[in-house]
Amino acid sequence: MALNVIFSDIRSERRARPVGNNVAPGTPLINGGQPAVTLTGSRDYAGNAISVTGNGETIVIAGGRGGESLPDDDYATITFSGTYTFPVAGASTATEPGTLVYIETDGALTLTEGTNTLFGRVEFWRGKDSATDTAVTIGA
């Protein structure tokens, strides 16, 4: 599950949707024209795999897959609500709550509107994981 949750989503808004292959939990995206976040990784997400090596052999003891019950490898469980932390280009201690946040075509978040798509609003600047670590309420 996404580890960047600050304030939880509305559970009834969760959906299984195609997001691409090997997509991590907690990834911001636009789905059906709406801002969303992956709660699980895509079914083929291998980023959480745990393996043990001994006697020259490696054994995978936890496959690290996303949602096993999802319909296909490129699907993840996504949500359209909640507050999550992300690196947001341009965010700093001076960033005011309520500042608009945009998503670029490559999935990066920014405070710059330009041709980017509205993603949400700043809840608060956190600065814990990076200099631009910001809590963003999606779809707000």
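Residues numbered from 1 in each chain as written. Predicted model: local features only at pLDDT ≥ 70, side-chain atom pairs only at ≥ 80, totals over all residues. Heavy atoms only, no water.

A. Expanded view of the overall build of the chain. Secondary structure assignment for the chain yields zero helices and 12 strands. Tracing the chain from N to C terminus, the helices and strands come up as β-β-β-β-β-β-β-β-β-β-β-β. With 140 residues in all, the chain has 36% of them scored as buried. Only carbon and sulfur atoms are counted for the fraction: they give 50% of the accessible area of the chain, which is about 7,600 Å². (Helix = DSSP H or I, 4+ residues; strand = E, 2+ residues; numbered from the N terminus. Buried < 20%, exposed > 50% of the residue type's maximum accessible area, 1.4 Å probe, protein only. Areas by Shrake-Rupley, 256 points an atom, 1.4 Å probe, with all protein chains shown as cover.)

B. Main features of the packing of aromatic side chains. Per the stated rule, a full pass over the model turns up two aromatic pairs. Between tyrosine 84 and phenylalanine 86, the ring centres sit 6.4 Å apart and the planes meet at 40 degrees, which makes this aromatic pair tilted. Residue class for phenylalanine 86 comes out buried when judged on its relative accessible area of 4%. In this structure an aromatic cluster arises from ring pairing among Tyr84, Phe86 and Phe119. (Phe/Tyr/Trp six-rings, centres within 6.5 Å; stacked < 30°, edge-to-face > 60°.)

C. Representation of the environment of arginine 126 within the structure. Relative to the assigned elements, arginine 126 resides in the loop between strand E11 (117-125) and strand E12 (133-138). Judged by its relative accessible area of 27%, arginine 126 falls in the partly exposed class. Spatially, the C-alpha atoms of arginine 126 and threonine 85 are 8.1 Å apart, while their sequence positions differ by 41 residues. Leave out the neighbours within four places in its chain, and arginine 126 touches Ile6, Thr85, Asp133 and Thr134. There is a polar contact of 2.8 Å between the side chain of arginine 126 and the side chain of aspartate 129. (Contact = heavy atoms within 4.5 Å. Polar contact = N/O pair within 3.5 Å; in protein donor to acceptor, adjacent residues only side chain to side chain.)

D. The nonpolar core, seen in detail. Core analysis: the largest hydrophobic core is formed by 14 residues, its most contacted members being Phe86, Val88, Leu109 and Phe119. Looking at this core, the elements with two or more residues in it are strand E8 (83-89), strand E9 (100-103), E11 and E12. (Core = buried A, V, L, I, M, F, W, Y, C linked by side-chain atoms within 4.5 Å.)

E. Just unusual backbone geometry, in detail. The phi torsion at asparagine 22 lies on the positive side, around 55 degrees, for a residue other than glycine. Considering the arrangement of structural elements, one finds asparagine 22 in the loop between strand E2 (15-18) and strand E3 (28-31).

Interpretation note: all reported values are geometric properties and have no functional meaning in isolation.
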